[in-house]
Amino acid sequence: MEINFIAVFVSAIIPLIIGSLWYSPVFFAKAWMKETGLSEEDLKKGSMLKIFGLTYVFSVMLALLLQMLCIHQFGPLGMIGGPQFVENALPSYTAFMNDYGMAFRTFKHGALHGFMSGLFIAFPLIAINGLFERRTWKYILIHTGYWTLVMTLMGALLCGWV
């Protein structure tokens, strides 16, 4: 089991695509700008190359983690110390991988783990920051909805791309 870097780099585009829709006037732009106190003039400031470039880099980092969370086969691989130790692994590792090597490698299963990551990782992080920043629940739910959708789609792609 090796990291699928193509799936990682492709899935890292998902936050940019979903973000361009989620935070657009079609969906939550007005509510989001009101909750953050940003104006359209504020949004025109700053380097978009820097913002989108760093967003992609951070999304690659997220995709690397999500791949480990969504694909169960990375667990046994971690138990033996990583790919460099496969040749010296106990026979039980080989037997396990022969029996379950491609089990649960579906888009649906990845979406489930991505959704759970959004709900149990993104939501608490956003909510904690939001509470200390004295933000509203609307602010917290706008961001949580975005990240839960993004992580669901990323998980689906990362797990299902075999």
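Up top you'll find the structure we're talking about.
As a starting point, this report considers the structure included with it. Every value quoted in this text rests on a predicted model; they were computed, and no experiment measured them.

1. Focus: the layout of surface pockets
And then number 1: Estimates place the volume of the largest pocket at around 790 Å³.
And then number 2: Around the largest pocket, the lining is made up of 22 residues, and of these Tyr-23, Trp-32, Ile-51, Thr-55 and Tyr-146 lie nearest the centre.
And then number 3: Taken together, the elements giving at least two residues each to the lining of the largest pocket come down to α2 (14-22), α4 (40-44), α5 (48-70), α8 (107-132) and α9 (137-160).
And then number 4: Considering only residue class, the lining of the largest pocket consists of 13 nonpolar, 6 polar and 3 charged.

2. Regarding helix α3 (residues 29-36)
Turn by turn, an α-helix covers 3.6 residues, leaving residues three or four places apart pointing in a common direction.
And then number 1: Every buried residue belonging to α3 is among Ala-29, Trp-32, Met-33 and Glu-35, and all of these are buried. Along the axis of α3, the buried positions cluster into a sector of 165°, meaning they face one direction only. Relative to its buried face, α3 has exposed residues pointing more than 90 degrees away, namely Lys-30 and Lys-34.
And then number 2: Where the residues of α3 are buried, they touch α2, α4 and α9.
And then number 3: Remark: Gly-37 follows α3 within two positions and exhibits a positive phi of approximately 80°.

3. A closer look at the pattern of salt bridges
And then number 1: Taken as a whole and assessed by the stated rule, the structure comprises 2 salt bridges.
And then number 2: Measuring nitrogen to oxygen at the nearest pair gives 3.7 Å for the salt bridge that ties Lys-45 to Asp-42.
And then number 3: Taking relative accessible area as the criterion, Asp-42 reaches 29% and is therefore assigned partly exposed.
And then number 4: With a closest N to O distance of 3.5 Å, Arg-135 and Glu-133 form a salt bridge.
And then number 5: For Glu-133, a relative accessible area of 44% puts it in the partly exposed group.

4. A short note on the side chain of His-113
And then number 1: With respect to the element layout, His-113 can be found in helix α8.
And then number 2: Exposure remark for His-113: the relative accessible area of 14% places this residue in the buried category.
And then number 3: Within the structure, the side chain of His-113 is placed 3.0 Å from the side chain of His-109, a separation counted as a polar contact.
And then number 4: Excluding residues within four positions of it along the chain, His-113 makes contact with Leu-69, Cys-70 and His-72.

5. So, the environment of Met-97
And then number 1: Relative to the elements of secondary structure, Met-97 occurs in helix α7 (residues 91-100).
And then number 2: With 16 residues separating them along the chain, Met-97 and Gly-81 place their C-alpha atoms 15 Å apart.

6. Quick look at the side chain of Ser-59
And then number 1: Tracing the backbone through its elements, the reader meets Ser-59 in helix α5.
And then number 2: Not counting chain neighbours up to four residues away, the residues in contact with Ser-59 comprise Ala-12, Pro-15 and Met-154.

7. A few points about the packing of α2 against α9
And then number 1: Across the interface, α2 lies against α9 with an axial gap of 10 Å and an inter-helix angle of 145°. Once α2 is placed against α9, the crossing between them reads as right-handed. Here Ile-14, Pro-15, Ile-18, Gly-19 and Trp-22 of α2 come into contact with α9, specifically with Ile-142, Gly-145, Tyr-146, Leu-149, Val-150, Leu-153, Met-154 and Leu-157.
And then number 2: Of the residues assigned to the contact of α2 with α9, the class counts are 11 nonpolar, 2 polar and no charged.

8. Some thoughts on unusual backbone geometry
And then number 1: Here the phi dihedral of Phe-104 falls at roughly 60°; this positive angle occurs in a residue that is not glycine.
And then number 2: Turning to its location among the elements, Phe-104 is positioned in the loop between α7 and α8.
And then number 3: Residue classification places Phe-104 among the exposed residues on the basis of a relative accessible area of 55%.
And then number 4: For Arg-134, which is not a glycine, the phi torsion comes out positive at approximately 60°.
And then number 5: Considering the arrangement of structural elements, one finds Arg-134 in the loop between α8 and α9.
And then number 6: According to the relative accessible area criterion, Arg-134 is exposed, its value standing at 68%.

About the cut-offs
Residues numbered from 1 in each chain as written. Predicted model: local features only at pLDDT ≥ 70, side-chain atom pairs only at ≥ 80, totals over all residues. Heavy atoms only, no water. 1 Å grid on protein atoms, 1.4 Å probe; cavity = no way out; pocket = protein on both sides within 12 Å on 5 of 7 lines; lining within 4 Å. Points joined across faces, edges and corners; volume = space filled by probe spheres on them. Helix = DSSP H or I, 4+ residues; strand = E, 2+ residues; numbered from the N terminus. Nonpolar A, V, L, I, M, F, W, Y, C, P; charged D, E, K, R; others polar. Buried < 20%, exposed > 50% of the residue type's maximum accessible area, 1.4 Å probe, protein only. Arc of directions from axis to C-beta. Contact = heavy atoms within 4.5 Å. Salt bridge = Lys/Arg side-chain N within 4 Å of Asp/Glu carboxyl O. Polar contact = N/O pair within 3.5 Å; in protein donor to acceptor, adjacent residues only side chain to side chain. Axes fitted to C-alpha atoms, helices over the stretch in contact; angles between N-to-C directions. Left-handed = near helix turned anticlockwise from the far one by under 90°.

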